[in-house]
Amino acid sequence: MNYFMIGMFSTLSLNSVLSQMADHFFAGVVSIVGGVVSSIVVARVKRRWKRRQE
């Protein structure tokens, strides 16, 4: 019975840690991709703005 309880709690804690890491990893990836996309968009808009002013 004790081994079952230890196994159950260790599995639950491992699952919790992995799910939190996956959430943080996904949020980090989305943040990085969003930053790259926004910098590309700003660079293109700035380039078009300079071309129109010439």
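Look above for the structure.
Attention in this report is confined to the structure presented alongside it. Because the structure is a prediction, the values reported are computed rather than measured. (Residues numbered from 1 in each chain as written. Predicted model: local features only at pLDDT ≥ 70, side-chain atom pairs only at ≥ 80, totals over all residues. Heavy atoms only, no water.)

## Details of the overall build of the chain
Looking only at helices and strands, the chain features one helix and zero strands. Within the span of the chain, comprising 54 residues, buried residues form 0% of the whole. Accessible surface for the chain amounts to roughly 5400 Å². Of this, 68% is attributable to carbon and sulfur atoms. (Helix = DSSP H or I, 4+ residues; strand = E, 2+ residues; numbered from the N terminus. Buried < 20%, exposed > 50% of the residue type's maximum accessible area, 1.4 Å probe, protein only. Areas by Shrake-Rupley, 256 points an atom, 1.4 Å probe, with all protein chains shown as cover.)

## Things to note about a nonpolar patch on the surface
A grouping of F25, V29, V33, V37, V41 and V45 is seen on the molecular surface, where their side chains present a nonpolar patch of about 540 Å² in accessible area. With a relative accessible area of 35%, V29 lands in the partly exposed category. (Patch = residues over 30% accessible without salt bridge, like charges linked within 9 Å, V, L, I, M, F, W, Y side chains within 5 Å. Salt bridge = Lys/Arg side-chain N within 4 Å of Asp/Glu carboxyl O.)

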